[in-house]
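What follows is the residue order along each chain.
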Amino acid sequence: MNNDGKVEPHRRQRLAQTVIETLRDRIATGDLTEGDQLPTEIQLESEFGVSRTVVREAIAELRAGGLVTPVQGKGVFVARQQPGFRHTSLTPREIKSIPETLELLEFRIAVEVEAAAISAYRRSPHQEEAIRAANQQMVAEIQAGNPTVDADFAFHLAIAQATDNRYYIESISRFGARSIPRSQFPTLPDTSNVDYLMGITAEHDRIIEAIADQDPDTARNAMRDHLLNSQKRYRRLAR
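An unreviewed UniProt entry lists the chain under the name DNA-binding FadR family transcriptional regulator, from Rhizobium herbae.

(A) Structural context of the packing of helix H6 (residues 149-161) against helix H8 (residues 194-212). Running from N to C, H6 and H8 point in directions that differ by 15°, and their axes come no closer than 12 Å. Here H6 is positioned roughly parallel relative to H8, judged by the angle of their axes. Considering the relative orientation of H6 and H8, their crossing is left-handed. Each of Asp152, Phe155, His156 and Ile159 in H6 lies in contact with H8, whose residues at this interface are Ile200, His204, Ile207, Ile208 and Ile211. In terms of residue class, the contact of H6 with H8 is made up of six nonpolar, two polar and one charged.

(B) Expanded view of helix H7 (residues 166-175). Tyr168, Ile172 and Phe175 are the residues of H7 that are buried. Angular distribution of buried residues about the axis of H7 spans 70°; they occupy a single face of the element. Among the exposed residues of H7, those pointing more than 90 degrees away from its buried face are Arg166, Tyr167 and Arg174. Two to three positions downstream of the cap, the backbone nitrogen of tyrosine 167 sits 2.9 Å from a side-chain oxygen, assigning the N-cap of H7 to asparagine 165. After H7 finishes, the residue glycine 176 shows a positive phi value of roughly 60°.

(C) Summary view of the environment of arginine 12. On the secondary structure map, arginine 12 appears in helix H1 (residues 9-29). Arginine 12 gets classed as partly exposed once you look at its relative accessible area, which sits at 23%. Sequence spacing of arginine 12 and serine 51 is 39 residues, and the spatial spacing of their C-alpha atoms is 8.8 Å.

Scoring rules and cut-offs
Residues numbered from 1 in each chain as written. Predicted model: local features only at pLDDT ≥ 70, side-chain atom pairs only at ≥ 80, totals over all residues. Heavy atoms only, no water. Axes fitted to C-alpha atoms, helices over the stretch in contact; angles between N-to-C directions. Helix = DSSP H or I, 4+ residues; strand = E, 2+ residues; numbered from the N terminus. Parallel < 35°, antiparallel > 145°, perpendicular 65-115°, else oblique. Left-handed = near helix turned anticlockwise from the far one by under 90°. Contact = heavy atoms within 4.5 Å. Nonpolar A, V, L, I, M, F, W, Y, C, P; charged D, E, K, R; others polar. Buried < 20%, exposed > 50% of the residue type's maximum accessible area, 1.4 Å probe, protein only. Arc of directions from axis to C-beta. Polar contact = N/O pair within 3.5 Å; in protein donor to acceptor, adjacent residues only side chain to side chain.

Pasting the structure below:
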């Protein structure tokens, strides 16, 4: 609290985070389910011993994360959760990795979107087969319950190699398997979630078909969508 008796912004943020984590836990464990009304602002103030400003900041974060939705004149209610929603608790090392992961994804979008387009009109039959084989290997690893990061990286590297441009190949090779975001977040449920991982291979399939059809525009768009989806997932962790 400062000299005016107001809570400092960084302390207010910590207090809001306590409210956020507690309510997220209740939603994740089923104590609060879809359609349930959250306690009123006054009730939350009393329960957590915080100000109305803190409560409103916490609710705003939960709303931004799609966990709750306000209903005019009635209150705030638990929103419908995406399948597989679980509370995620990151390690300090994982939290520290978030900014770097987002920067790397931003770089990859700039490079790999155009690499996909170039590979679409330049790939040889052998290179196309290498791209398919890498994705098939990823599917096999998922089905076997094995780590998938190396196969995922092999898929993206195969596309770079199909450009026949050494600079694309060097750019992708430089970062290795750590360019695959989930390699930096081993405690995330998505790391071993079959539905999530198969969704990634489905995104890969759309890229593959565009490359096979020698359609640069579709390949470009499919790769952009794939990487933007990943960027959105990890931006949510930064909240």
